[in-house]
Structure formats: C-alpha cells, structure tokens
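Geometric and topological summary
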Amino acid sequence: MGSAGELFHSAQVFLQSNFPLLQIQLSDILDIAILSFIIYKLLWMLRKTSSGRLMWGVLILMMAMFVSSKVLSLTATSWLLDKVVQWGLLVLVVLFQPEIRRFLERMGSGRLGFVFASSKETGEEMETAITQTTEAYADLSRDKVGALMVFERQNLLDDVIKTGTALDCRVSSELLKNIFWNKAPLHDGAVVVRNGRIVGAGCMLPLSGNVNLSRDLGMRHRAGIGMSEHSDAVVVIVSEETGSISAAVGGMLKRHLAPETLERLLCNELLNDSGEEKKSGQFPLLGLLLGGNRREEDEL
C-alpha cells in the first residue's frame, strides 16, 4: 500500500510540475471519471425504458427555467417554474418508481454489478430465446395449439407482468409447449420475455381498439395487436383455429409466417437494437436522450 501511495503522489507531482496551468489532482480526475461513468450508465438504463422521454422533458424544463430567470428576467414565469421544480422532485420519484425499485432490489440482492454490466450476455440469451421460440412455434403451429408471447424492448411491461404469474427462467422449447398446452393453468394468458428470459406467464394484455381489424381475428390476435399499440414490444401469436403464426409490431400484424420467417423477424426486431446502440457511440449521452424511443420496422 505504501509503494502504491508513493507512486500516486509521484504521478501527481509530475503532472503539477509539467503542466502548471492544469492545477488538478489525480483524485479529481478519478472523481470525475467515476461520476461520469455512473451518470452515463444511469442514462443508458433510462434509454431502455419509457422514462427516456420523461428525462427529455425534465431537461427542457430546466432549460426554460434558466432562460426565463437568467436571460429574460421573467419574474412571474421564474416563480412558477421554481414551484414546479419543488413539487417535481416528488413527482419524479413516483414516475421513476419502477427503475428505482429495480436498482434497489439489485443492490440489496448483491447483483449491483448487473446494473452496470455490458449487454453481451443479454444478447446471447436473446439469441437462444429466439431459437427456442421458433422451434416451439413450429411444433405448436403443426399441432394447432394457441400461443401468445410478448418480447419486451425499451418500454417496461411491469403492469402486464403483475396480471399473471411472475417467473424467472430461460426460454426453452419444451417449457413453452408445456405452458401453452391447452390443459395447463397458464395457457390462456401471454408469456412475457425480458432480456431473453421469461419473467411472466398467464399475463393479460390490452385489446386493440382498432375497429377495422378483420373479423376472423380471435382474442389472441386482438390482444397481441393491442399490446404492440401500447408499447414497442414484439408479440408473436399462434392461432388455435388454423395454426398459423403471426407477429404484431407497432400495431401492424404480419400473418401466415413460416418458422424461418418468424426467426428472421425476431432477429431483426430484437437483436438489431443492440447493434444500433453500439453504432450510436459517437455522442452517447446525447443519443440516450434524443434517440431512446426510435423504432425501425423491417419488412420481411
């Protein structure tokens, strides 16, 4: 420990002696680096939720406060915005309650490292989930067994998961076929997948309010379309009557998919998100605020 302290002190003296204009200590650099890393990771977490837009709104409000009070000297507007900020702290706690709760749960369970971990393992689990889902859906389609799965993306689906049975397990073909077996207790609801893992089964989804849907679509299809209208999730469905495979993305239903087409669709919608995140690394903090809810649709 003594040699490490001496080395740290020597490096500090070297910087101060060779760069007199930069009167900054190594501890300051370390402090700034740690704080920057934490802020970056917190913004990265918010980008994966619907809270990204809330953060953008907070940023706009702060800019409005600065302009009205410091630049334009608008007394009444500054007073009103100041009151909004005072009450806004409590409102933010309520709005960000799911993210705060998840962070504290991971901290309490000793899994804090996963909060700041890279998404490599998540990508591998998602690839496995897609492969296993395709295999299960091929068999379910052949046997005309109804199925409904929701792949969560940026928008958290905690409210949907609460309507069913909470689980935490890997996606496997045999497990899915057992869940959707018509005599299983959870077969009527939807399976929710988060980061390549099943987190809920038997979940209830909101029905679509689109009155122009075809009349031959059953409740599973209407629930799948409704879920894709209310979030950015990818929903895959097997019809119990015909055995056909469908996928709902952004309120649009793609029907009569072959298993191979379903696998390509899931890969494009779920795996390309991580690729886009890596490409946006030139201005990461700005991209987290501005590009958190951008969606792409790939026609197969």
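What this report covers is the structure whose coordinates are included nearby.

Rules behind the numbers
Residues numbered from 1 in each chain as written. Predicted model: local features only at pLDDT ≥ 70, side-chain atom pairs only at ≥ 80, totals over all residues. Heavy atoms only, no water. Helix = DSSP H or I, 4+ residues; strand = E, 2+ residues; numbered from the N terminus. Expected span 1.5 Å × (residues − 1). Buried < 20%, exposed > 50% of the residue type's maximum accessible area, 1.4 Å probe, protein only. Contact = heavy atoms within 4.5 Å. Pairing = 2+ DSSP bridges. Axes fitted to C-alpha atoms, helices over the stretch in contact; angles between N-to-C directions. Polar contact = N/O pair within 3.5 Å; in protein donor to acceptor, adjacent residues only side chain to side chain. Core = buried A, V, L, I, M, F, W, Y, C linked by side-chain atoms within 4.5 Å.

Concerning helix 10 (residues 219–230)
When the terminal C-alpha atoms of helix 10 are compared, their 16 Å separation across 12 residues agrees well with the 16 Å that a helix rising 1.5 Å per residue should span. Arg220, His221, Ala223, Gly224, Ile225, Gly226, Met227 and Ser228 are the residues of helix 10 that are buried. At its buried positions, helix 10 is contacted by strand 1 (147–151), helix 8 (158–161), strand 5 (234–238), strand 6 (245–249) and strand 7 (252–257).

Let's talk about the sheet that holds strand 5
Taken in spatial order, the seven strands make up an open sheet running 2-4-3-1-5-6-7, and their pairing is mixed. Whereas interior strands pair on both sides, the edge strands pair on one side only; in this sheet they are strand 2 (165–170) and strand 7. Across the sheet, the mean angle from the axis of one strand to that of its neighbour is 20°, orientation sign disregarded. One ladder, built from three bridges, connects strand 1 with strand 3 (residues 190–194); its direction is parallel. Across the sheet, Met149 pairs through a bridge with Val191, a residue of strand 3. Where helix 10 meets the sheet, it contacts strand 1, strand 5, strand 6 and strand 7, and its direction lies at approximately 175° from that of strand 5.

Here we look at the environment of Thr163
Among the secondary structure elements, Thr163 is positioned in the loop between helix 8 and strand 2. Separated by 40 residues in sequence, Thr163 and Cys203 have C-alpha atoms that sit 5.2 Å apart. A distance of 2.5 Å separates a polar side-chain atom of Thr163 from the backbone oxygen of Val160. Here Met204 takes part through its backbone nitrogen, which lies 2.9 Å from a polar atom of the side chain of Thr163.

Concerning the nonpolar core
The nonpolar side chains of soluble globular proteins are, as a tendency, buried together. Judged by nonpolar contacts, the single largest core of 29 residues is most densely connected at Tyr137, Met149, Phe151, Phe180, Val191 and Leu266. No other element matches the six residues that helix 7 (residues 120–143) contributes to this core. Once residues within four sequence positions are removed from consideration, Phe180 is found in contact with Leu140, Val145, Gly146, Ala147, Leu148, Met149, His187, Gly189 and Val191. The next biggest cluster of nonpolar side chains, apart from the first, holds 19 residues, and it includes Val150, Ala190, Val199 and Ala233.

Overview of the pairing of strand 1
Strand 1 sits mainly inside the fold: five of its five residues count as buried. Residues of strand 1 alternate between two faces, with Ala147, Met149 and Phe151 on one and Leu148 and Val150 on the opposite face, all of them buried. The pairing of strand 1 with strand 5 spans five bridges and is antiparallel. Counterpart to Leu148 in the pairing with strand 5 is Ile237.

None of the figures reported here should be taken as evidence of function without further support.
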